[in-house]
Amino acid sequence: MKRRSLSKQTLLSAAWVYPVSQKPISNGALLIEKDKIVDIGLQKELEKRYPRSKKIKLKNSILLPGFVNTHCHLVHDYDEKASRDFSTWFKSMVSSVKKNKKTSKDLKQIVKKGLNELIHSGVTTVADSGPTDFPLKQLKKRGLRAIFYQEVFGFTEAQPDKFSKKIIETLKQNQESYPDRIRLGLAPHSPYTMPTKMFRDLSRLCLQEKIPLTTHVAESKEETLFFQKGKGALAELFPGRKKQIARAKSSVQYLSANRVLGSHLLSAHCVQVDSKDVSLLANKDVNVSFCPTSNQFLNVGTAPVHELLKRKVTVGLGTDGASTSGSLNFFQTLRDAALLGRLECDQVIRLATLGGATAMGMEKEIGSLKKGKKADCVAIKIPKKGLEAKELSSYLVWKGQSKDILFSMVNGKVLF
Ligand SMILES: [Zn+2]
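Residues numbered from 1 in each chain as written. Predicted model: local features only at pLDDT ≥ 70, side-chain atom pairs only at ≥ 80, totals over all residues. Heavy atoms only, no water.

Asks: What is the right way to look at the coordination of the zinc ion in this model?
Replies: In an ideal tetrahedron of four donors about a metal, each angle is 109.5 degrees. In an ideal octahedron of six donors, the angles are 90 or 180 degrees. For the zinc ion, the full set of protein donor atoms is His71 (NE2), His73 (NE2), His216 (NE2) and Asp320 (OD), and the range of their distances to it is 2.1 to 2.6 Å. Given four donor atoms and angles of 86 to 171° at the metal, the environment of the zinc ion is assigned as irregular. One chain supplies every donor to the zinc ion, and in sequence these donors are spaced H-x1-H-x142-H-x103-D. In this structure, His71 and His73 share a single accessibility class: buried. (Donors = N, O, S within 2.8 Å, 3.2 Å for Na, K, Ca; no water. Tetrahedral: all angles 85-135°; square planar, octahedral: opposite > 155°, others 65-115°. Buried < 20%, exposed > 50% of the residue type's maximum accessible area, 1.4 Å probe, protein only.)

Asks: Can you walk me through a positive patch on the surface in this structure?
Replies: On the surface, Lys8, Arg52, Lys54 and Lys55 cluster together into a positively charged patch. In this structure, Arg52 sits in the loop between helix H1 (43-49) and strand S5 (54-57). Residue Arg52 is classed as exposed on the basis of its relative accessible area, which comes to 75%. (Patch = residues over 30% accessible without salt bridge, like charges linked within 9 Å, V, L, I, M, F, W, Y side chains within 5 Å. Areas by Shrake-Rupley, 256 points an atom, 1.4 Å probe, with all protein chains shown as cover. Salt bridge = Lys/Arg side-chain N within 4 Å of Asp/Glu carboxyl O. Lys, Arg positive; Asp, Glu negative; His and termini not counted. Charge placed at Lys NZ, Arg CZ, Asp CG, Glu CD. Helix = DSSP H or I, 4+ residues; strand = E, 2+ residues; numbered from the N terminus.)

Asks: I would appreciate a short explanation of the layout of surface pockets in the present structure.
Replies: Take a probe with the size of a water molecule and roll it over the atoms, and the empty space left behind shows itself. Volume-wise, the largest pocket comes out at about 1200 Å³. Along the walls of the largest pocket sit 47 residues, with His76, Met93, Ser96, Val97 and Lys102 positioned nearest its centre. Elements with a minimum of two residues in the lining of the largest pocket: helix H2 (86-99), strand S9 (145-152) and helix H5 (160-175). With 11 residues, the top contributor of residues to the lining of the largest pocket is H2. Each residue belonging to the lining of the largest pocket can be placed in one class, and the counts come to 19 nonpolar, 16 polar and 12 charged. Taken as a whole, the second largest pocket encloses approximately 420 Å³ of empty space. Sorting the residues of the lining of the second largest pocket by element identifies S9, helix H6 (196-209), strand S12 (265-269), helix H11 (275-283) and helix H15 (345-359) as the ones contributing at least two each. The class makeup of the residues in the lining of the second largest pocket is 15 nonpolar, six polar and five charged. (1 Å grid on protein atoms, 1.4 Å probe; cavity = no way out; pocket = protein on both sides within 12 Å on 5 of 7 lines; lining within 4 Å. Points joined across faces, edges and corners; volume = space filled by probe spheres on them. Nonpolar A, V, L, I, M, F, W, Y, C, P; charged D, E, K, R; others polar.)

Asks: Explanation requested: the environment of Pro195 in the structure shown.
Replies: Along the chain, Pro195 turns up in the loop between strand S10 (182-188) and H6. Expressed as a C-alpha distance, the spacing of Pro195 and Ile382, which sit 187 residues apart in the sequence, is 50 Å.

Asks: Help me understand the packing of aromatic side chains in this model?
Replies: Aromatic ring pairs: the centre-centre distance and the angle between the two ring planes describe each pair. What the rule picks out here adds up to 11 aromatic pairs. Here the aromatic rings of Phe90 and Tyr192 are separated by 5.7 Å at their centres, their planes lie at 75°, and the arrangement is edge-to-face. With Phe90 in helix H2 and Tyr192 in the loop between S10 and H6, this residue pair connects regions lying 102 residues apart in the sequence. Exposure class is identical for Phe90 and Tyr192. Each is buried. Three or more aromatic residues link up through ring pairs in this structure, and these residues are Phe86, Trp89, Phe90, Tyr192, Phe226, Phe227, Phe238 and Tyr254. One residue, Arg84, lies across the ring of Phe297, its end atom 5.3 Å from the ring centre. Lys140 extends its terminal NZ or CZ atom over the ring of Tyr178, reaching a point 5.3 Å from the ring centre. (Phe/Tyr/Trp six-rings, centres within 6.5 Å; stacked < 30°, edge-to-face > 60°. Lys NZ or Arg CZ within 6 Å of the ring centre and 35° of its normal.)

Asks: Looking at this structure, I do not really get empty space enclosed by the protein. What am I missing?
Replies: Taken as a whole and judged by the stated rule, the model has one cavity of 30 Å³ or more. Its volume calculated, the largest cavity comes out at about 30 Å³. Forming the walls of the largest cavity are Pro65, Gly66, Val68, Thr124, Thr125, Ile366, Gly367 and Asp376. Each of two domains, domain 1 (4-66 + 367-414) and domain 2 (67-359), supplies a minimum of three residues to the lining of the largest cavity. (Domains from an automatic or database assignment.)

Asks: How do you make sense of the environment of Gly66 when you look at a structure like this?
Replies: As for its placement among the helices and strands, Gly66 is situated in the loop between strand S6 (61-65) and strand S7 (67-72). For Gly66, a relative accessible area of 4% corresponds to the buried category. With 301 residues separating them along the chain, Gly66 and Gly367 place their C-alpha atoms 7.3 Å apart. If near-sequence neighbours (up to four positions away) are discounted, Gly66 is found in contact with Gly122, Thr124, Thr353, Asp376, Cys377 and Val378. (Contact = heavy atoms within 4.5 Å.)

Structure follows, in structure tokens:
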């Protein structure tokens, strides 16, 4: 897949332009110059205004902002033997990381397959976390926009203070070798794996150095039990952590007491949260990644997405890794968000684009089709008979499929 640079002005037109931040435009167009959207409107008017532009006619399709996947692990592969019980699955995940059986060649193939699934289901931005920087090279090569979060566990570190400072320094240094569209962030794995002081320090350093931060929060009932009573499967798995934690009513309240919550945090899952937790997330401006497919796979429940949205918490959608979602096909995530989150389809599309962009701190650059924003967009084929404006979001959610993705662009460059 070779990316082409568009040298001059390019006019993309489609049966529908669905900007998300404004009403859909029938027979609409976007004018792209270098990496940015410089105009948006009716195809006829834009063709008159920019007669010398190169025309790409996407005809019978919906042109919309590329999807933003706010939680992913490109190195996790689908495993037909995977348990659907959270703590059993987690134990086997930890032991497979320790055994480290996968070769570089295996990992390369897994990441490649995952990226294909993302790109061919309309994703143009991904928040990916992993213990090794394997996906980075491929993200750079394939042209996606991304935050790659270096995943850390920390409980085995002999000199925690040194470790924290060093990892932040390394991220700052490594950032220099990546283009603007790829940012490096940090992913302390979870409040139950990361030592308390280390988590507090890392969060403070990330805030100070403007390094994106993500973690898994309140995913399972076992996690709540771990914080409330220091008991259960997770406490057995991490006996050392048990002594360090001050008893808290919940994972969110533990993070709040340790000053980890803030607008710099993207917190994945937030399934096991009560109304006090939701208030804390809202008051501290924490961003949430709603991962309905993965949560259902591991039988942990569904995040109270209506309550989160009602309290104005920023919510984006995430696939999580293929080991708990089967594949990284984002259309599955759209459908599961609608079904399990009981969301309206236009709300689903909003979370999948602008919601995700805001959750990743990128709302000024991407997430909607607007003058001045980066040219990140995809076109999805629609039936020949056409659709009405009010049918677009439901078509995308219920009927969208990979084979109908006609076009994808990131940063003004055509992915395919
Ligand atoms: Zn995850």
